[in-house]
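What the coordinates show
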Amino acid sequence: MPQARKQFGQHWLRSEKALQKIVAAAGLVEGDRVLEIGPGRGALTRPLLEKAAAVVAVEIDRDLCKLLVEKLGKIDHFLLLQGDVLSLDLEAALAAFPDFQQPNKVVANIPYNITGPILEKLLGAIATPNPHPFDVIVLLLQKEVALRLCARPGSRNYGALSVRVQYLAECEWICDVTAKAFQPPPKVDSAVVRLRPRQFHLPVTNVRKLETLVKLGFATKRKMLRNNLMSVVERDRLNQLLEQLEINSQARAEDLSVENWVALSNQLAEEVKD
Ligand code: SAH
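Residues numbered from 1 in each chain as written. Predicted model: local features only at pLDDT ≥ 70, side-chain atom pairs only at ≥ 80, totals over all residues. Heavy atoms only, no water.

Okay, the overall build of the protein chain next. In terms of regular secondary structure, the protein chain is built from 11 helices and 9 strands. Oriented by its inertia axes, the alpha-carbon framework of the protein chain measures out at about 70 × 40 × 30 Å. A total of 274 residues make up the protein chain; the buried ones form 49% of that total. Sequence-distant contacts in the protein chain: of pairs separated by 6 or more residues, those separated by 24 or more amount to 66%. The distance from the centre of the 36 positive side-chain charges to the centre of the 32 negative ones in the protein chain is 7 Å. (Helix = DSSP H or I, 4+ residues; strand = E, 2+ residues; numbered from the N terminus. Buried < 20%, exposed > 50% of the residue type's maximum accessible area, 1.4 Å probe, protein only. Contact = heavy atoms within 4.5 Å. Lys, Arg positive; Asp, Glu negative; His and termini not counted. Charge placed at Lys NZ, Arg CZ, Asp CG, Glu CD.)

Pasting the structure below:
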């Protein structure tokens, strides 16, 4: 049996309960095509194959790919791609496999060291949302990141990452998963989240300006917005805008919803220096 490799973030999920919750969260129905990132030894792949019309799995580790081919290679509705998911051109890779094209759901226990890039690969960025959004993305990830993805305005974990991801997707907490649920156990606790990518986005006049504002706004979290944004907008002007948006003039970055950030940046589009 291959040893778990640290550089690939390998931790095998062995809790039957956690596996069931992940699969249930995907709400698989007839015809669903699933993309799985990092199938590992197939713990999640098997239950997915029971429910989905097709499963495409992308695994970077050659030895694991050999093992998966031995275990699951005979199953018609399973397709394994060997390689790095981050450099994968999925559409091109699936061109020759009509039954696996355009997977509509993603279900994965991802390698934690590349969580940010995976989120961007699946969702796109504010400037460039994925033009073919998935219906649902269920991910098992580091709890601390999960808390930030699901944080509501005004709460401690709400930060720049929450705004960026919530602009692109609705984020829902599914459940906690303790380190003991894995072999070997990771150093951190984990959680399952469900993302529903938005089909429509609030129009942003100038994306770079929105990003600048969010970055500066959250730079010193406990400071009031008007102090953090002092370098880019005059105090009186900011007060005026906050009032228009019905936001308290003493608000902090964490008090603003995604809609508030977009509205503020659109109003300031002409005024903020890049
Ligand atoms: N789904 C399995 C394994 C999760 S561990 C389980 O739940 O038990 C994360 C998996 O992602 C490992 O199999 C690892 O080899 C794979 N992986 C790591 N980096 C990857 C990358 N860039 N592209 C594709 N797979 C990757």
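Let us keep going from here.
What follows deals with the sheet that holds strand β6 (residues 136-142). Pairing within the open sheet is mixed, and its 7 strands lie in the order β4-β3-β2-β5-β6-β9-β7. Strands with a single pairing partner mark the edges of an open sheet, and in this sheet they are β4 (78-82) and β7 (169-177). Pairs of neighbouring strands in the sheet enclose a mean axial angle of 20°, with direction left out of account. Of the pairings in the sheet, the one linking β7 to strand β9 (residues 190-197) comprises 8 bridges and is antiparallel in character. Residue pairing for β9: V177 is matched across the bridge by S190. (Pairing = 2+ DSSP bridges. Axes fitted to C-alpha atoms, helices over the stretch in contact; angles between N-to-C directions.)

Another point: the site of the ligand. Neighbouring the ligand are 22 residues; Q10, G38, E59, D84 and N109 lie closest to it. Q10 is positioned with one of its side-chain polar atoms (N or O) 2.8 Å from an oxygen atom of the ligand. Within the side chain of D84, one N or O atom sits 2.8 Å away from a nitrogen atom of the ligand. Compared with its free state, where it exposes 570 Å², the ligand has 97% of that area covered by protein. Those elements that place two or more of their residues in the shell around the ligand are β1 (12-13) and β3 (54-59). Here the shell around the ligand is composed, by residue class, of 11 nonpolar, 7 polar and 4 charged. (Near = heavy atom within 4 Å. Polar contact = N/O pair within 3.5 Å; in protein donor to acceptor, adjacent residues only side chain to side chain. Areas by Shrake-Rupley, 256 points an atom, 1.4 Å probe, with all protein chains shown as cover. Nonpolar A, V, L, I, M, F, W, Y, C, P; charged D, E, K, R; others polar.)

Here we take up the side chain of T115. For T115, the location among the structural elements is in helix α5 (residues 115-123). Since its relative accessible area comes to 6%, T115 is described here as buried. Dropping the residues within four chain positions of it, T115 is found in contact with I110, L141 and V145.

Before going further, it helps to spend a moment on the pairing of β4. In the sheet, β3 pairs with β4 via 5 bridges, with the strands oriented parallel. Within β4, the residue paired with V56 across the bridge is L79. Between the parallel elements β3 and β4, the chain passes through helix α3 (residues 62-72) in a crossover that is right-handed. (Right-handed = clockwise from strand over helix to strand, strands pointing away.)

Take helix α11 (residues 258-268) next. By the burial criterion, the buried members of α11 are V258, N260, W261, V262, L264, S265 and L268. As for α11, its buried residues are in contact with α7 (160-168), α8 (207-219), α9 (225-228) and α10 (235-244).

This paragraph deals with the domain arrangement of the protein chain. For the protein chain, the domain assignment lists domain 1 (6-197) and domain 2 (207-267). Contacts between the two partners involve 13 residues from domain 1 and, on the opposite side, 14 residues from domain 2. Carbon and sulfur atoms make up 69% of the surface buried where domain 1 meets domain 2, a total of about 1,100 Å² over both sides. Summed over the three residues of domain 1 that lose the most area to domain 2, namely I126, Y158 and V163, the buried surface amounts to 41% of that side. On inspection of domain 1 and its partner domain 2, the count reaches 0 salt bridges. (Domains from an automatic or database assignment. Buried area = accessible area lost by both parts, 1.4 Å probe. Salt bridge = Lys/Arg side-chain N within 4 Å of Asp/Glu carboxyl O.)

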